[in-house]
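# Coordinate inspection notes
Each chain, written out:
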Amino acid sequence: MYLRDSLNFVSKLTPRRLWNASKVLSSFYYTKWTKKPVQWGLPFTISVEPTTACNLRCPECPSGLRAFTRPTGNLREDFFRETIDELYKDLLYLIFYFQGEPYINPKFLEMVNYAHQKGIYTITSTNGHFLNDENARKTIESGLDRMIISVDGTTQEVYQNYRKAGNLETVLQGARNVVKWKQKLKSATPHIIFQFLVVRPNEHQIPEIYKIAKEIGIDEVKLKTAQVYDYKYGNKLIPTIEEYARYAKTEDGTWQVKNELLNHCWKLWHSCVITWDGMVVPCCFDKDAEYRLGDLKKTSFRELWQADAYQNFRTQILQGRDKIDICTNCTEGCKVWA
């Protein structure tokens, strides 16, 4: 399964995309050495936000908590096409997710298909509640390359601890629907992943999620560490299994993020997030789009990517990543290939 997915990804590579990726990587390391923000390429991955709306009420999610200060809405298909037309020749893969549940946008799968036609490797993450038989079939037909389904518990009682207002059996049946249509249509895609967000209430069910995934025919299980906002004095969601906790207890009894905050960020060089209404923000940790680096309704992406706002933000990272609030709870951005 992994080999087939890898070969599918490799099939999307073109000389131009590889050249762009090499420029991005080179400029990232040049920046680390010189401490000057240099950007020689375009991002080779972007995340686009199909919607900010969600049917669930997960406790650590601004969408679930209805806590956004920014407006809620759906990505428009015409705007999406214009953006992809500008970027697709350099893009290796496209993530259809930021905040909200992608399937709530009625044009979501049409946009997936448009990106598929442009030869881009496409990924989405869903809570799995909208994978009825029809949507499952349309998902396969869209050409989606990878589907991440959040399954954060193996019993309803445990699952709903985090996935508030969710129904586990609906999710599992949705997964079965996708597997069924994948087989019926003799499709190699999407590569289907069960993502298990490890928190204290569900950590004892880790072995069970592998068993259920195998029974249904899921390609892969991924265990994900959970980001929590209020962690300094502990949080009931932080796992007791240290391997799956982003936070560690200090000698004075308070908690802190495990990773060292290095003054560089790979995400600022190879990726970005585009909100449903066209705002470009640095990464997925800026959930409320606080750090708006440009508006694609007013500026082309190429101009925006090299503009003062972006370069100034990259400079801030180099001068002190711990001074930017969205970066202090980040465990990913400093890693290459994160």
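Refer to the structure printed above.
What you see is a predicted model, and the numbers here were worked out from it, not measured in a lab.

Before going further, it helps to examine the nonpolar core. Counting 95 residues, the largest nonpolar core has F80, L94, F96, I149 and F194 as its most contacted members. Considering each element in turn, this core owes the most residues, seven residues, to helix α8 (residues 168–184). Discounting chain neighbours no more than four positions away, the residues touching F194 are I149, V151, L172, A175, I209, I212, A213, I216, I218, E220, V221 and K222.

Let us look at helix α9 (residues 206–216). Within α9, burial applies to I206, I209, I212, A213 and I216. Along the axis of α9, the buried positions cluster into a sector of 115°, meaning they face one direction only. Within α9, the exposed residues directed more than 90 degrees away from the buried face are P207, K214 and E215. As for α9, its buried residues are in contact with α8, β5 (191–198) and β6 (220–225).

Moving on, we get to the environment of I149. One can find I149 in strand β4 (residues 146–150). Look at I149 and you get buried, because its relative accessible area is 0%. I149 sits 160 residues away from A309 along the chain, and the two C-alpha atoms are 35 Å apart. Ignoring sequence-local partners within four residues, the contact set of I149 consists of T126, G128, L131, V171, A175, I192, I193, F194 and Q195.

Another point: the packing of aromatic side chains. Two aromatic rings are characterised by how far apart their centres lie and by the angle between their planes. Scanning all chains against the criterion turns up 15 aromatic pairs. Judged by centre distance (5.3 Å) and plane angle (40°), the ring pair of Y30 and W40 falls under tilted. Residue Y30 is found in helix α2 (residues 15–34), and its partner W40 is found in the loop between α2 and β1 (45–48); the two are separated by 10 residues along the sequence. On the basis of an interplanar angle of 70° and a centroid distance of 4.9 Å, the ring pair of Y103 and F108 is categorised as edge-to-face. This pair shows no difference in class: Y103 is buried, exactly as F108 is. Following the ring pairs from residue to residue traces out a cluster consisting of F28, Y29, W33, F44, W266 and W269. Its end group placed over the ring of W181, K184 keeps NZ or CZ at 4.9 Å from the ring centre. In this arrangement the basic side chain of K287 is found over the ring face of F285, its NZ or CZ atom lying 5.8 Å from the centre.

Here the focus is the pattern of salt bridges. All told, the structure shown has 16 salt bridges when counted by the stated rule. Of the charged contacts, one joins R70 and E49 as a salt bridge, the two residues approaching to 2.7 Å between their closest N and O atoms. Taken together, the residues R70 in the loop between α3 (62–65) and α4 (77–87) and E49 in the loop between β1 and α3 connect sequence positions 21 residues apart. Owing to a relative accessible area of 5%, R70 belongs among the buried residues under this scheme.

Pairing between sheet strands relies on hydrogen bonds along the backbone, with the strands arranged either parallel or antiparallel. Taking strand neighbours across the sheet as the criterion, the nine strands line up as β6-β5-β4-β3-β2-β1-β9-β10-β11 in an open arrangement whose pairing is mixed. One side of each edge strand has no neighbouring strand; the edge strands of this open sheet are β6 and β11 (294–295). Bridge analysis of strand β2 (residues 93–96) against strand β3 (residues 121–126) gives four bridges, and the strand direction is parallel. Bridge pairing in β3 links I95 to I123. The sheet strands contacting α4 are β1, β2 and β9 (271–274), and the helix crosses β2 at an angle near 160°. The sheet strands contacting α9 are β5 and β6, and the helix crosses β5 at an angle near 165°.

With that settled, the discussion passes to the packing of α4 against helix α5 (residues 108–117). Between α4 and α5, whose axes approach to 10 Å, the crossing angle comes to 15°. With respect to α5, the element α4 is oriented roughly parallel. Our pair here, α4 against α5, has a crossing hand that is right-handed. Residues E77, F80, R81, I84 and D85 of α4 pack against E110, M111, Y114 and A115 of α5. Of the residues in the contact of α4 with α5, the class split is five nonpolar, no polar and four charged.

Time to look at the packing of α5 against helix α6 (residues 133–142). Put simply, α5 and α6 touch, their axes get as near as 9 Å, and they point 15° apart. Overall, the two elements α5 and α6 adopt an arrangement that is roughly parallel. Here α5 and α6 pass one another in a crossing that is right-handed. Across the interface between the two elements, L109, V112, N113 and H116 of α5 pack against N135, K138, T139, E141 and S142 of α6. The residue makeup of the contact of α5 with α6, split by class, is two nonpolar, five polar and two charged.

Definitions and limits used
Residues numbered from 1 in each chain as written. Predicted model: local features only at pLDDT ≥ 70, side-chain atom pairs only at ≥ 80, totals over all residues. Heavy atoms only, no water. Core = buried A, V, L, I, M, F, W, Y, C linked by side-chain atoms within 4.5 Å. Buried < 20%, exposed > 50% of the residue type's maximum accessible area, 1.4 Å probe, protein only. Helix = DSSP H or I, 4+ residues; strand = E, 2+ residues; numbered from the N terminus. Contact = heavy atoms within 4.5 Å. Arc of directions from axis to C-beta. Phe/Tyr/Trp six-rings, centres within 6.5 Å; stacked < 30°, edge-to-face > 60°. Lys NZ or Arg CZ within 6 Å of the ring centre and 35° of its normal. Salt bridge = Lys/Arg side-chain N within 4 Å of Asp/Glu carboxyl O. Pairing = 2+ DSSP bridges. Axes fitted to C-alpha atoms, helices over the stretch in contact; angles between N-to-C directions. Parallel < 35°, antiparallel > 145°, perpendicular 65-115°, else oblique. Left-handed = near helix turned anticlockwise from the far one by under 90°. Nonpolar A, V, L, I, M, F, W, Y, C, P; charged D, E, K, R; others polar.

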